[in-house]
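Chain by chain, the residues run as shown.
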Amino acid sequence: MVIKNQRLLLLVVSCSITGVILGGTASWAESNTCLQDSKVTNECLTQDPIQKTIQGMSTGLLAGAGAACGAAWHLRHED
């Protein structure tokens, strides 16, 4: 039983880390694209790129953890 819990924890942690990386990268790229656009909007100028990246990272964390829990739940009910 301990091994199953460790595998579940490893799955949740690895998916969460992947979500943080992907979410942060996507938000950072979006903010850079916004600033390099030919028509820069007022919303684009007032956004803090660091804050936008942190928001993307937190969204990625939740999405990765949710995906891992969903996959584990699916595998548990498949057996």
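Definitions and cut-offs
- Residues numbered from 1 in each chain as written.
- Predicted model: local features only at pLDDT ≥ 70, side-chain atom pairs only at ≥ 80, totals over all residues.
- Heavy atoms only, no water.
- Disulfide = S-S within 2.5 Å.
- Buried < 20%, exposed > 50% of the residue type's maximum accessible area, 1.4 Å probe, protein only.
- Helix = DSSP H or I, 4+ residues; strand = E, 2+ residues; numbered from the N terminus.
- Salt bridge = Lys/Arg side-chain N within 4 Å of Asp/Glu carboxyl O.
- Patch = residues over 30% accessible without salt bridge, like charges linked within 9 Å, V, L, I, M, F, W, Y side chains within 5 Å.
- Areas by Shrake-Rupley, 256 points an atom, 1.4 Å probe, with all protein chains shown as cover.
- Contact = heavy atoms within 4.5 Å.
- Expected span 1.5 Å × (residues − 1).
- pLDDT = per-residue confidence, 0-100.
- Axes fitted to C-alpha atoms, helices over the stretch in contact; angles between N-to-C directions.
- Parallel < 35°, antiparallel > 145°, perpendicular 65-115°, else oblique.
- Left-handed = near helix turned anticlockwise from the far one by under 90°.
- Nonpolar A, V, L, I, M, F, W, Y, C, P; charged D, E, K, R; others polar.

1. Some remarks on the state of the cysteines
Turning to step 1, where the next piece is worked out: Scanning the model with the defined rule gives one disulfide in all.
Turning to step 2, where the next piece is worked out: Free of any disulfide, C15 has its nearest cysteine sulfur in C69, 9.0 Å distant.
Turning to step 3, where the next piece is worked out: Residue classification places C15 among the partly exposed residues on the basis of a relative accessible area of 25%.

2. Comments concerning the environment of T33
Turning to step 1, where the next piece is worked out: Tracing the chain through its elements places T33 in helix α1 (residues 2-36).
Turning to step 2, where the next piece is worked out: Under the relative-accessibility criterion, T33 is labelled exposed at 52%.
Turning to step 3, where the next piece is worked out: Through-space distance from the C-alpha of T33 to that of C44 is 9.7 Å; in sequence the pair is eleven residues apart.

3. Some details on the pattern of salt bridges
Turning to step 1, where the next piece is worked out: In total, this model carries one salt bridge according to the counting rule given.
Turning to step 2, where the next piece is worked out: E30 is the partner of K52 in a salt bridge, and the nearest nitrogen-oxygen pair spans 3.9 Å. Taken together, the residues K52 in helix α3 (residues 49-78) and E30 in helix α1 connect sequence positions 22 residues apart.
Turning to step 3, where the next piece is worked out: Residue class for E30 comes out partly exposed when judged on its relative accessible area of 49%.

4. So, a nonpolar patch on the surface
Turning to step 1, where the next piece is worked out: Where nonpolar side chains cluster on the molecular surface, the patch consists of L9, V13, I17 and I21 and spans about 370 Å² of accessible area.
Turning to step 2, where the next piece is worked out: On the secondary structure map, I21 appears in helix α1.

5. Let's talk about the side chain of S16
Turning to step 1, where the next piece is worked out: Structurally, S16 is set in helix α1.
Turning to step 2, where the next piece is worked out: For S16, the residues in contact, after removing those within four places along its chain, are G60, L61, G64 and A65.

6. Here we look at α3
Turning to step 1, where the next piece is worked out: Here α3 contains 30 residues, and its C-alpha end-to-end distance of 43 Å stays within 8% of the 44 Å for a straight helix at 1.5 Å per residue.
Turning to step 2, where the next piece is worked out: Residues of α3 that are buried include every one of T53, G56, G60, G64, A68 and A72, and no others.
Turning to step 3, where the next piece is worked out: Buried residues along α3 sit against α1.

7. Overview of the confidence of the model for the chain
Any segment with low pLDDT has predicted coordinates that should not be analysed in fine detail.
Turning to step 1, where the next piece is worked out: Looking at the chain, pLDDT values average 88 and 97% of them are 70 or higher.
Turning to step 2, where the next piece is worked out: Mean pLDDT values over the elements of the chain span from 81, in helix α2 (residues 42-46), up to 90, in α3.

8. A short note on the packing of α1 against α3
Turning to step 1, where the next piece is worked out: At their nearest, the axes of α1 and α3 sit 6 Å apart, and the two run at 150 degrees to each other. For the element pair α1 / α3, the angle class is roughly antiparallel. Our pair here, α1 against α3, has a crossing hand that is right-handed.
Turning to step 2, where the next piece is worked out: Of the residues contributing to the contact of α1 with α3, the split by class is 14 nonpolar, ten polar and two charged.

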